[in-house]
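Working through the structure, step by step
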Number of protein chains: 2
Amino acid sequence: MRPTATPSAVADTHVAPHAFAVEIAYDGEPFSGFARQPGRDTVQGRLEAALATVLRRDVVTTGAGRTDAGVHALGQVVSFDADGEEPPPAVLRRSLQALTGRHVVIRDVRMARAGFSARFDALAREYRYRIVDGKVPPLFLARFAWHVPTALDVTRMCEAASVLVGEHDFRSFTSAQSAQGKNTVRRIDALEIVSEEHLGETCVRIRVVGNAFLHSMVRVVVGSLVEIGAGRRKASWLGEVLAARDRAAAGPTAPAHGLTFHAVSYPDEVWL
Amino acid sequence: MRPTATPSAVADTHVAPHAFAVEIAYDGEPFSGFARQPGRDTVQGRLEAALATVLRRDVVTTGAGRTDAGVHALGQVVSFDADGEEPPPAVLRRSLQALTGRHVVIRDVRMARAGFSARFDALAREYRYRIVDGKVPPLFLARFAWHVPTALDVTRMCEAASVLVGEHDFRSFTSAQSAQGKNTVRRIDALEIVSEEHLGETCVRIRVVGNAFLHSMVRVVVGSLVEIGAGRRKASWLGEVLAARDRAAAGPTAPAHGLTFHAVSYPDEVWL
């Protein structure tokens, strides 16, 4: 039971004393995406159910990014307002971990200043996309990388990618439906493509950092870069795609399971 | 159907013209280990069934190492004798890959000289064991790493490990049953412990290279090193365990799913 000694100040003014930021990792495969949906198993739905059990009240959370079905996360951040009755962060982390199942890992719980929003206070978001190229399919990386059966030319992909860095209208890289009537200008701060080894298997890893992303934007960028890496398009083609402001000009949408929402950054002053 | 023009020379002398070496990776989780067993789904059983389908004859294979149920492999090597009717290695690789399912990846098929045995011609075998230590459980590495909820002291573990390098009687590091009446002297060429990052998660990776290993030997070595890394035993304890020549002196057997049979090396002259 909650103590009832001094509830009036909080209850009358509805001002949360501070907020919580929960950093979570998840395997996207079993979920119908991040965002809560009635009757579906979603990451946010599962986290809110765990919070309701631990805190014995309804909790509405805000995520830094709404990942699609099948997309993984390493450092997704989810915020909610405190009511001052919560256990210490380390205890809350353990209690939530016990309830969210093995496909969601509660990496950290931190206290943030009142009004903190994981979504609106984010300075930058980082996504990573992994591709295993060549004839031999991945084994350990099968769940976390797209298998492209052609050898990719990473140098050509890097050469092409530079045109996307900076502030641009990325209308070509999201569905026409998502773009309708919306501002599609976004800023990409870094787009880096390297060959990396994980668990003994080699992959092409595409790292994208930006302020915010349109729906499917990273996956359409990756699908377009693969057209160039596989030799089906010239490196200069990506500039034409960007200029077209038309989804039909870009390459296919890369599959969800190769994508990981890697990290979000916030200004230091949000933390208590 | 096989051509029947010149079968007599091969059939009469029973001398295989050469051998094949198949390099395979597998996820150990769904299998009852590597070695064929009637009525069980094993890696060797599945590979031999695929070979029988592709080559239309019974094929008996030899693996470089018999991994236990749950143990993974990146570079297991399996050999069998050719009869001269096989397709080229690249075609054989693709045909086998189409039949073995997603938990077994056929990485390479090579031709070796007549009489080649993946087991008896091996110069050295390398195993890797991965541990995620600390309170936060692994997500992407959950299937491939042991979660030890205590922070491990890698420096202490390295200090302790050096006593095992070289030729020793490793009787303490295998079950009494496995050791009974057997030569338990083996040679460890390298035992290296480092902190590594895979898929954004940090792990302690133990690399062991040796000529051959006793049953469960790597897992008992790892289980003993964790006793030291977690501070439950002193670094000098490992020398006492080695000297005892008694399984009861060592630490627990680390779980199978953290272990990967990483690679096998052969003399250059075995390859055609």
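Residues numbered from 1 in each chain as written. Chains lettered and ligands numbered in written order. Predicted model: local features only at pLDDT ≥ 70, side-chain atom pairs only at ≥ 80, totals over all residues. Heavy atoms only, no water.

What chain A contains, in helices and strands, is seven helices and ten strands. Rg of the C-alpha trace for chain A: 21 Å, near the compact-globule value of 19 Å for 272 residues, within the 12% margin. Every one of the 272 residues in chain A was classed for burial, and the buried ones make up 53%. Contacts spanning at least 24 positions in sequence make up 71% of the contacts within chain A whose residues lie at least 6 apart. Approximately 12,100 Å² of chain A is accessible, and the part contributed by carbon and sulfur atoms is 50%. (Helix = DSSP H or I, 4+ residues; strand = E, 2+ residues; numbered from the N terminus. Rg over C-alpha atoms; globule rule 2.2 N^0.38 Å. Buried < 20%, exposed > 50% of the residue type's maximum accessible area, 1.4 Å probe, protein only. Contact = heavy atoms within 4.5 Å. Areas by Shrake-Rupley, 256 points an atom, 1.4 Å probe, with all protein chains shown as cover.)

With an RMSD of 0.0 Å, the operation that places chain A on chain B is a rotation of 180 degrees combined with a shift of 0.0 Å along the axis. One copy is carried onto the other by what is essentially a two-fold rotation axis. Taking the C-alpha atom as reference, chain A places His198(A) closest to the rotation axis, 2.6 Å from it. Of the residues that chain A buries at the interface, 100% are likewise interface residues in chain B, meaning the two copies contact each other through the same surface. (Least-squares fit on C-alpha atoms with pLDDT ≥ 70 in both.)

All right, on to the interface of chain A and chain B then. Each side of the interface is counted separately: chain A has 30 residues, and chain B has 30 residues. Between chain A and chain B, a total of about 2,200 Å² is buried, with carbon and sulfur atoms accounting for 72% of that surface. The largest share of the area that chain A buries against chain B comes from Leu139(A), Phe140(A) and Leu199(A), three residues that together contribute 31% of it. Applying the counting criterion to the chain A and chain B interface returns two residue pairs in polar contact (both at pLDDT 80 or more). Among the secondary structure elements, those contributing two or more residues to the side of chain A that touches chain B are strand S1 (19-26), strand S3 (72-81), helix H3 (89-100), strand S4 (104-112), strand S8 (185-198) and strand S10 (259-265) of chain A. The greatest single-element share of the side of chain A that touches chain B, amounting to four residues, is contributed by S4(A). Classifying every residue of the side of chain A that touches chain B by side-chain character gives 15 nonpolar, seven polar and eight charged. (Buried area = accessible area lost by both parts, 1.4 Å probe. Polar contact = N/O pair within 3.5 Å; in protein donor to acceptor, adjacent residues only side chain to side chain. Nonpolar A, V, L, I, M, F, W, Y, C, P; charged D, E, K, R; others polar.)

All names here are of chain A. Counting buried residues in strand S5 (residues 124-133) gives nine out of ten residues, a clear majority hidden from the surface. Pairing between S5 and strand S6 (residues 146-148): three bridges, direction parallel. Each bridged residue has a counterpart across the sheet, and for Val-132 the counterpart in S6 is His-147. (Pairing = 2+ DSSP bridges.)

The next thing to look at is the pattern of salt bridges. Residue and element names in this part refer to chain A. A complete count under the given rule lists 32 salt bridges over all chains for this structure. Put simply, Arg-46 and Asp-41 hold a salt bridge, and the shortest N to O gap is 2.6 Å. Taking relative accessible area as the criterion, Arg-46 reaches 25% and is therefore assigned partly exposed. Each of the salt bridges in this network shares a partner with another, and the network as a whole consists of Glu-126, Arg-128, Glu-192, Glu-196, Arg-205 and Arg-207. (Salt bridge = Lys/Arg side-chain N within 4 Å of Asp/Glu carboxyl O.)

Quick look at the state of the cysteines now. Residues and elements named next belong to chain A. The full count for this structure, using the stated rule, is zero disulfides over all chains. Not engaged in a disulfide, the cysteine Cys-203 finds its nearest cysteine sulfur in Cys-158; these two sulfurs lie 14 Å apart. Under the relative-accessibility criterion, Cys-203 is labelled buried at 0%. (Disulfide = S-S within 2.5 Å.)

Looking now at the environment of Val59(B). Residue and element names in this part refer to chain B. By secondary structure assignment, the location of Val-59 is in the loop between helix H2 (43-55) and strand S2 (62-63). Between the alpha carbons of Val-59 and Leu-47 there is a distance of 9.5 Å; along the sequence they are twelve residues apart. Apart from the residues within four sequence positions on either side, Val-59 is in contact with Glu-48, Leu-51 and Phe-80.

Moving on: the confidence of the model for chain A. All names here are of chain A. On average, chain A scores 94 in pLDDT, and the residues at 70 or more come to 95%. Across residues 1-12 the pLDDT falls below 50, and counting only partners more than four positions away or on other chains, this stretch makes nine contacts in the model. Both scores are given for the predicted complex: the pTM is 0.91, the ipTM 0.90. (pLDDT = per-residue confidence, 0-100.)

Quick look at the domain arrangement of chain A now. One frequent convention defines the size of an interface as the accessible area lost when the parts assemble. All names here are of chain A. Structurally, chain A comprises domain 1 (16-121) and domain 2 (124-263). Averaged C-alpha coordinates put domain 1 and domain 2 at centres separated by 27 Å. With 18 residues of domain 1 in contact, the opposing surface of domain 2 contributes 13 residues. Buried surface at the junction of domain 1 and domain 2, summed over both partners, amounts to about 1,200 Å²; 49% is from carbon and sulfur atoms. Looking at the side of domain 1 facing domain 2, the largest losses of area belong to Asp-68, Val-71 and His-72, adding up to 41% of the total buried there. (Domains from an automatic or database assignment.)

All names here are of chain A. Across the eight residues that make up S1, a large majority, seven, are buried. Here S1 runs beside S3; their pairing, made up of seven bridges, is antiparallel. Across the sheet, Glu-23 pairs through a bridge with Val-77, a residue of S3.

So, on to the packing of aromatic side chains. For the coordinates displayed, the defined rule picks out 20 aromatic pairs over all chains. Look at Tyr266(B) and Trp271(B): their rings are 5.9 Å apart centre to centre, the planes differ by 85 degrees, and that puts the pair in the edge-to-face class. The same class applies to Tyr266(B) and to Trp271(B), which are both buried. Three or more aromatic residues joined by ring pairs make a cluster, and in this case those are Phe116(A), Tyr266(A) and Trp271(A). (Phe/Tyr/Trp six-rings, centres within 6.5 Å; stacked < 30°, edge-to-face > 60°.)

This next bit is on unusual backbone geometry. Residues and elements named next belong to chain A. Located in the positive-phi region is Arg-56, a residue other than glycine, with phi close to 55 degrees. Residue placement: Arg-56 occurs in the loop between helix H2 (43-55) and strand S2 (62-63). Arg-56 sits in the exposed class, given a relative accessible area of 59%.

Another aspect to go through is the side chain of Arg186(A). Residues and elements named next belong to chain A. Relative to the helices and strands, Arg-186 is located in strand S8. In this structure, Arg-186 is buried with no salt-bridge partner, the nearest side chain bearing the opposite charge being Asp-169 at 7.8 Å. A distance of 3.1 Å separates the side chain of Arg-186 from the backbone oxygen of Asn-183, its partner in a polar contact. Ignoring anything within four residues of it in the chain, the contact list for Arg-186 reads Gly-166, Glu-167, His-168, Phe-170, Asn-211, Ala-212, Phe-213, Leu-214 and Met-217. (Lys, Arg positive; Asp, Glu negative; His and termini not counted.)

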